[in-house]
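Now for the letters of each chain:
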Amino acid sequence: MIIGKYDPLKGERFQVLDETGAVVNEELEPQLTEEKLVGFYRQMLISRTADTKAFAMQREGRMGTYPPLKGHEAVQVGSAMAMEAEDWLFPHYRDLGALLIRGVPIHFVYLYWIGNEAGSRFPDGARVFPFTVPVGSQIPIGVGHALGAKLRKEKQAALISFGDGATSEGDFHDGMNFAGVFNAPAVFLCQNNKWAISVPRERQTAAKTIAQKAVAYGFPGMQVDGNDVLAVFSAVKEALDKARAGGGPTLIEADTYRMSDHTTADDASRYRPEEEVKAWEKKDPIVRFRNYLRAKGIWKEELEKNLQEEADKIVEEAVHQAENFPLPELEDIFRYTYKEMPPHLEEELAELKAAVEKRKAD
Amino acid sequence: MPALNIVEAVRLALREEMRRDDSVLVMGEDVGKNGGVFRTTEGLFDEFGEERVFDTPLSENGIMGTAVGLAVNGFRPVAEIQFMGFIYYTLNHLICHAARLRNRTRGNLSVPLVLRAPYGAGIRAPEHHSESTEALFAQIPGIKVVVPSSPADAKGLLKSAVRDPDPVVFLEPKKIYRAVKEEVPDIEYLIPLGKAKVVKEGKDLTIICWGAMVKVAEEVALKAQEEKVDVEIIDLRTLYPMDREAVINSVEKTGRALVVHEAPKAGGLGAEIAATINEKALLRLKAPVLRVTGQDITVPMPKTEDYYIPDAERVLRSIRKIMSF
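Just so you know, these numbers come straight off a predicted model, no measurement behind them.

Reading guide: rules and limits
- Residues numbered from 1 in each chain as written.
- Chains lettered and ligands numbered in written order.
- Predicted model: local features only at pLDDT ≥ 70, side-chain atom pairs only at ≥ 80, totals over all residues.
- Heavy atoms only, no water.
- Helix = DSSP H or I, 4+ residues; strand = E, 2+ residues; numbered from the N terminus.
- Rg over C-alpha atoms; globule rule 2.2 N^0.38 Å.
- Buried < 20%, exposed > 50% of the residue type's maximum accessible area, 1.4 Å probe, protein only.
- Areas by Shrake-Rupley, 256 points an atom, 1.4 Å probe, with all protein chains shown as cover.
- Lys, Arg positive; Asp, Glu negative; His and termini not counted.
- Charge placed at Lys NZ, Arg CZ, Asp CG, Glu CD.
- Contact = heavy atoms within 4.5 Å.
- Buried area = accessible area lost by both parts, 1.4 Å probe.
- Salt bridge = Lys/Arg side-chain N within 4 Å of Asp/Glu carboxyl O.
- Nonpolar A, V, L, I, M, F, W, Y, C, P; charged D, E, K, R; others polar.
- Axes fitted to C-alpha atoms, helices over the stretch in contact; angles between N-to-C directions.
- Parallel < 35°, antiparallel > 145°, perpendicular 65-115°, else oblique.
- Left-handed = near helix turned anticlockwise from the far one by under 90°.
- Pairing = 2+ DSSP bridges.

### Regarding the overall build of chain B
Looking only at helices and strands, one finds 12 helices and 14 strands in chain B. Taking 2.2 N^0.38 as the reference for a compact globule, 325 residues should give roughly 20 Å; the C-alpha atoms of chain B span a radius of gyration of 19 Å, in line with that estimate. Put simply, chain B has 325 residues, and 64% of those count as buried. With an accessible surface of roughly 12200 Å², chain B has 51% of that area assigned to carbon and sulfur atoms. Within chain B, the 46 negative side-chain charges are centred at a point lying 4 Å from the centre of the 43 positive side-chain charges.

### Remarks on the overall build of chain A
Of the regular secondary structure elements, chain A holds 13 helices and 8 strands. For chain A, the C-alpha radius of gyration of 21 Å lies close to 21 Å, the compact-globule estimate for 362 residues. Each principal axis of the C-alpha atoms in chain A carries an extent, and together these give about 70 × 50 × 40 Å. Within chain A, the proportion of its 362 residues that are buried is 59%. A separation of at least 24 residues holds for 73% of the contacts in chain A among residues at least 6 apart in sequence. Entry remark: accessible area of chain A is about 15000 Å², with carbon and sulfur atoms responsible for 51%. Taken together, the 45 basic and 57 acidic charged side chains of chain A have centroids lying 3 Å from each other.

### Description of the interface of chain A and chain B
Each partner contributes residues to the interface: chain A has 42 residues there, and chain B has 43 residues. Regarding the contact of chain A and chain B, the summed buried area is about 3500 Å², with carbon and sulfur atoms giving 61% of it. Contact with chain B buries surface across chain A, with F178(A), Y336(A) and Y338(A) losing the most and accounting together for 19% of the total. Put simply, chain A and chain B have 3 salt bridges between them. Of all elements in the fold, only α5 (138-151), α6 (170-182), α12 (332-335) and α13 (343-361) of chain A reach the threshold of two or more residues within the side of chain A that touches chain B. The greatest single-element share of the side of chain A that touches chain B, amounting to 9 residues, is contributed by α5(A). Taken together, the residues of the side of chain A that touches chain B break down into 21 nonpolar, 11 polar and 10 charged.

### Topic: the side chain of K155(B)
Residues and elements named next belong to chain B. Tracing the sequence through the fold places K155 in helix α7 (residues 151-163). Take K155: its relative accessible area is 0%, and that puts it in the buried class. In this view, K155 contacts A9, L12, A13, E16, V184, P185, D186, I187 and Y189; residues no more than four positions away in its chain are not counted.

### A word on the environment of E201(B)
Residue and element names in this part refer to chain B. Residue placement: E201 occurs in the loop between β9 (197-200) and β10 (205-209). With relative accessibility at 62%, the residue E201 sits in the exposed group. Distance from E201 to E232, taken between C-alpha atoms, is 4.5 Å for residues 31 residues apart in sequence. Not counting residues up to four positions away in its chain, the partners in contact with E201 are D230, V231, E232 and K253.

### A short note on the packing of helix α1 (residues 34-59) of chain A against helix α10 (residues 285-295) of chain A
Residues and elements named next belong to chain A. Where α1 meets α10, the closest approach of the two axes is 11 Å, and the angle between their N-to-C directions is 155°. Overall, the two elements α1 and α10 adopt an arrangement that is roughly antiparallel. Judged by the sense of rotation from one axis to the other, the crossing of α1 with α10 is left-handed. Taking contact as the criterion, the partners of L37, F40, Y41, M44, L45 and R48 in α1 are, on α10, P285, I286, F289, R290, Y292 and L293. Residue classes in the contact of α1 with α10 are distributed as 10 nonpolar, no polar and 2 charged.

### Regarding the packing of α1(A) against helix α8 (residues 229-244) of chain A
Residue and element names in this part refer to chain A. Where α1 meets α8, the closest approach of the two axes is 11 Å, and the angle between their N-to-C directions is 110°. Here α1 lies roughly perpendicular to α8, going by the angle between them. Across from K36, L37, F40 and M44 in α1, the residues of α8 making contact are V229, L230 and F233. Its residues placed into classes, the contact of α1 with α8 shows 6 nonpolar, no polar and 1 charged.

### Focus: the sheet that holds strand β11 (residues 231-235) of chain B
All names here are of chain B. Strand order in the open sheet formed by 5 strands is β9-β11-β10-β13-β14, and the pairing between neighbours is mixed. The sheet is open, and its two borders are formed by β9 and β14 (290-293), each paired with just one other strand. Between one strand axis and the next, the sheet turns through 25° on average, direction left out of account. Both strand β13 (residues 257-261) and β14 contribute to a ladder of 4 bridges, which runs parallel. Looking at β14, one finds that H261 is bridged to T293. Lying over the sheet, helix α10 (residues 269-281) contacts β10, β13 and β14, oriented at roughly 165° with respect to β13.

### A closer look at the sheet that holds strand β2 (residues 88-90) of chain A
Residues and elements named next belong to chain A. In space, the 6 strands of this open sheet follow the order β1-β7-β8-β4-β3-β2, with parallel pairing throughout. The two strands at the open ends of the sheet, each matched to only one other strand, are β1 (13-14) and β2. Across 5 bridges, the pairing between strand β7 (residues 221-225) and strand β8 (residues 250-255) is parallel. Among the inter-strand pairings, V224 is bridged to a residue of β8, identified as A254. The sheet strands contacting α6 are β3 (158-163), β4 (186-192) and β8, and the helix crosses β4 at an angle near 150°. Sheet contacts for α8: β1, β3, β4, β7 and β8; angle to β7, the most-contacted strand, approximately 155°.

Spelled out as structure tokens, the structure:
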């Protein structure tokens with residue numbers, strides 16, 4: 001049992017690997033196959049490669065604003081890998097790494113940030129809610145969805161992910177409160193990356209931890225090392241299993257860091273001390289896990305080379321798919337407003353079409 | 001066929017829809033054992049149980065957010081907001097999610113929910129209980145805004161709203177919640193959304209109205225008759241998207257139009273209706289389109305609220321003005 005063991009009010013935090021990748025918690029080290037461990041590493045590499053590429057594409061004018069995930073690889077991969085097929089993910093907009101694991105290929109995320117609604121039309125069967133840009137608003141929606149699963153007596157949990165800034169929103173309070181009252185099968189995952197654009201975590205709450213807020217809502221909360229993929233995986237898995245079994249919600253605060261800017265439109269050097277960034281670079285989640293795999297005799301130069309080549313290939317293919325995706329038609333911006341198009345939209349569409357066609361003809 | 005008021009008709013519609021479809025849920029504050037502050041959900045808790053009729057924590061934002069999640073998960077939640085004055089907490093979820101989820105997922109996810117709220121002045125309610133802010137909602141693409149004006153309409157329109165594939169804001173004119181009883185068929189019937197109703201035919205002037213103002217228009221029509229003015233009354237029923245065709249057809253016939261609404265004048269739906277008439281029937285007009293509305297002020301508290309609500313006298317004066325143009 002992990003949940004309940006680490007008291008956030010006492011500053012306790014769950015960790016399996018220390019910053020060097022050494023096991024510090026043998027008792028709770030998950031016993032996973034080599035294939036699964038390599039799978040974690042592979043996903044983290046793909047996430048970072050996809051992220052680096054998106055950033056570059058924005059700088060080259062091939063993508064609009066993009067929110068980099070660098071530094072979040074362990075929390076996103078660890079949490080998404082902990083989910084079962086029937087669970088639903090309610091992500092925040094920085095969650096590219098989690099989406100890939102939940103059946104949303106990279107090119108959908110690229111399409112979204114390029115500016116095409118098709119990027120939120122996820123493949124059938126992907127149990128993922130689209131990105132919510134109004135911060136924290138996915139939280140009560142995820143709770144409502146989870147409540148629905150409970151009413152239908154389905155073994156299904158919702159993983160709701162958000163940042164530290166979102167915990168200041170009323171939606172965080174409402175979601176947590178409703179989940180507690182209805183004992184909804186929801187797991188709240190706060191990816192506390194210390195910064196909401198330029199506003200530090202201390203300006204979001206006077207509470208010592210975010211995890212301790214769960215106490216007031218009547219369910220457990222805990223802090224995990226968010227740069228430790230094994231700790232994240234184990235904690236989220238236990239919380240989801242508990243939720244599906246009727247044990248109610250859990251709040252997990254993952255202690256991590258936004259290693260890049262808030263978005264490509266931001267310049268974090270304006271407000272963030274260089275030393276802080278440097279200190280967190282030493283805690284890089286990928287390096288840490290690589291050290292762990294190396295110590296176990298799993299990681300070798302050749303594995304790295306193969307995985308990185310594969311990641312590059314997947315990302316290049318995603319870029320190709322996103323950039324060659326058919327452009328939406330004029331009708332598409334009207335077509336999905338209602339299930340059936342009302343007369344005033346038919347009229348507006350016809351007028352616009354005539355104007356656009358005239359413009360083209362000229 | 002029982003004689004029902006609007007409260008009872010709303011209740012009957014909810015009961016029929018809940019019996020018909022297990023995915024229909026009723027949620028909100030005091031909707032359970034207490035049966036709602038206006039008793040619109042009375043008896044539903046006993047019949048359908050706490051999993052389908054449930055009280056929530058006191059948070060309209062939480063109600064709306066969870067209702068969106070339930071709707072995405074295949075339910076048809078009917079969420080009650082106790083008074084329109086408290087509905088503003090729901091706006092973020094209504095505008096950012098309920099209204100646009102179908103569009104932003106290219107039709108993959110949808111939000112078939114109903115947000116019910118009593119609205120309007122005239123029952124001597126405390127502050128924040130008497131607003132009529134429907135125009136705020138009539139500019140949110142992706143939702144529908146429906147207002148019944150009678151018990152029979154309340155039943156047929158609410159049943160359609162529950163079955164609608166898109167989110168519906170259903171505003172109930174509380175001034176006439178219990179004012180009139182009329183025969184409401186206890187058989188299955190639906191009134192289509194997006195279609196207005198000609199309440200009374202006439203040839204001289206069209207009054208376009210909805211909700212509690214339909215009763216005012218009917219009263220005025222009798223008085224106008226004494227002055228040899230034959231008034232046609234159109235009840236919009238659905239404010240958004242609006243049945244422009246019905247308005248234009250009527251104005252083409254009468255050549256004169258008057259919009260009566262309780263909401264403030266500036267930026268109100270009366271402006272939208274007048275503009276639509278200008279666009280489509282200007283040359284048929286024999287006089288400018290006028291509006292009788294609430295004032296552009298904060299809705300007064302009970303001691304002075306009657307100054308605010310359009311009444312027969314104000315409507316009659318505008319009719320005379322139009323007829324003598």
